[in-house]
Amino acid sequence: MNLVIEKLKVTDIESLYEFEIENRTFFEEMVPSRGDDYYIPEVFKVRNESLLDEQVKGLSFFYLIKDENNSILGRINLVDIDSDKIGFLGYRVGQIHTGKGVAKKALKLLLNTLVDLDIKEVKAKTTTNNIASQKVLEQNGFEHIETSDKEFEMNGQMLKFITYTWTNKPLF
C-alpha cells in the first residue's frame with residue numbers, strides 16, 4: 001500500500017471529523033476518550049484550527065496519513081516541541097486499516113522529516129496492553145526507557161504507561 005503523510009490543512013478538517021467519528025469507539029478502546037465535546041462539529045473545527053496555529057508557530061506538527069486516493073487512514077503528530085527540540089509523538093490508525101503496516105510506514109516517513117525540522121529527540125507513550133503500538137515504536141528505532149510504577153484503569157483493565165524515546169543521530 002502506498003501512503004503519504006501530509007501536514008494538516010484547514011481543507012482537511014471536515015474529512016478528518018468524519019474519520020474521527022467513524023473510529024471513535026475503536027480509538028477509545030486503546031486511549032482515553034477525548035470527551036463528547038470533541039465530537040461536536042463546531043468544537044472540532046475550532047480545536048483543529050487552533051492546532052493549525054500551533055503548527056504555523058512550529059510548536060507542533062499534525063499530519064494525516066493518506067493513501068493514493070487521498071483517503072485518511074490515520075493521524076500522526078509531533079506535539080509540544082520544546083526549546084531543546086524535543087517533541088512528543090502521537091498516532092492513530094483507523095480500525096479498517098490496522099494490521100497492514102500503516103503506522104509503521106507513517107512513523108518512518110515522519111522520522112525522515114525530522115532532520116529538516118531540526119528535532120533532536122522524540123518521546124512516545126503507550127499502554128501495557130497496546131502491543132501493536134509497542135512494536136511500531138521498536139521497529140522504528142525507539143528505545144523503551146521506562147514502564148510506570150503507577151497503574152490506572154481504562155475500560156475495566158488495569159494498565160501502566162510505557163515510555164519510549166528516539167534520538168535523531170547525525171549521519172557522518
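Scoring rules and cut-offs
- Residues numbered from 1 in each chain as written.
- Predicted model: local features only at pLDDT ≥ 70, side-chain atom pairs only at ≥ 80, totals over all residues.
- Heavy atoms only, no water.
- Core = buried A, V, L, I, M, F, W, Y, C linked by side-chain atoms within 4.5 Å.
- Buried < 20%, exposed > 50% of the residue type's maximum accessible area, 1.4 Å probe, protein only.
- Helix = DSSP H or I, 4+ residues; strand = E, 2+ residues; numbered from the N terminus.
- Contact = heavy atoms within 4.5 Å.
- Phe/Tyr/Trp six-rings, centres within 6.5 Å; stacked < 30°, edge-to-face > 60°.
- Lys NZ or Arg CZ within 6 Å of the ring centre and 35° of its normal.
- Pairing = 2+ DSSP bridges.
- Axes fitted to C-alpha atoms, helices over the stretch in contact; angles between N-to-C directions.

Participant: Just checking my understanding: could you explain the nonpolar core for this structure?
Facilitator: One recurring pattern in soluble globular proteins: nonpolar side chains tend to sit buried together. In terms of nonpolar packing, the biggest core is built from 27 residues, with Ile65, Ile76, Leu89, Leu107, Val122 and Phe142 touching the most fellow members. For this core, the secondary structure elements donating two or more residues are strand S1 (3-7), strand S2 (61-67), strand S3 (72-79), strand S4 (86-93), helix H3 (102-117), strand S5 (121-127), helix H4 (131-139) and strand S9 (161-167). Looking at this core, the element that brings in the most residues is H3, giving seven residues. Beyond its immediate stretch of four places on either side in the chain, Val122 contacts Leu78, Gly87, Leu89, Leu114, Phe142, Tyr164, Thr165 and Trp166.

Participant: What is the right way to read the packing of aromatic side chains from this model?
Facilitator: The relation between two aromatic rings is expressed through the spacing of the ring centres and the mutual angle of the planes. One pass over the full model with this rule turns up seven aromatic pairs. Ring centres of Phe19 and Phe27 lie 5.7 Å apart, and the angle between their planes is 55 degrees; on these two criteria the pair is classed as tilted. For Phe19, a relative accessible area of 6% translates into the label buried. Note on Phe27: relative accessible area 6%, which makes it buried. Seen from their ring centres, Tyr38 and Tyr39 are 5.0 Å apart, and the 85 degrees between their planes marks the pair as edge-to-face. The class for Tyr39 is buried, based on a relative accessible area of 8%. Here a set of aromatic residues connected by ring pairs shows up, and it is made of Tyr17, Tyr38, Tyr39 and Phe44. Above the plane of the ring of Phe27 lies Arg92, whose end atom (NZ or CZ) is 4.3 Å from the centre.

Participant: Just to check I follow, could you spell out the sheet that holds strand S6 (residues 143-147) for this structure?
Facilitator: The pairing of strands in a sheet happens through backbone hydrogen bonds and is either parallel or antiparallel. Here we have seven strands laid out as an open sheet, ordered S1-S2-S3-S4-S5-S9-S6, and mixed in their pairing. Looking along the sheet, the strands with just one partner apiece sit at the ends: S1 and S6. Sheet twist, expressed as the average angle between the axes of neighbouring strands with direction ignored, equals 25 degrees. As paired strands, S4 and S5 are joined by three bridges and run parallel to one another. Residue pairing for S5: Gly87 is matched across the bridge by Val122. Each of S2, S3 and S4 touches helix H1 (residues 13-27); the most contacted strand, S3, lies at about 90 degrees to it. Sheet contacts for H4: S4, S5 and S9; angle to S5, the most-contacted strand, approximately 160 degrees.

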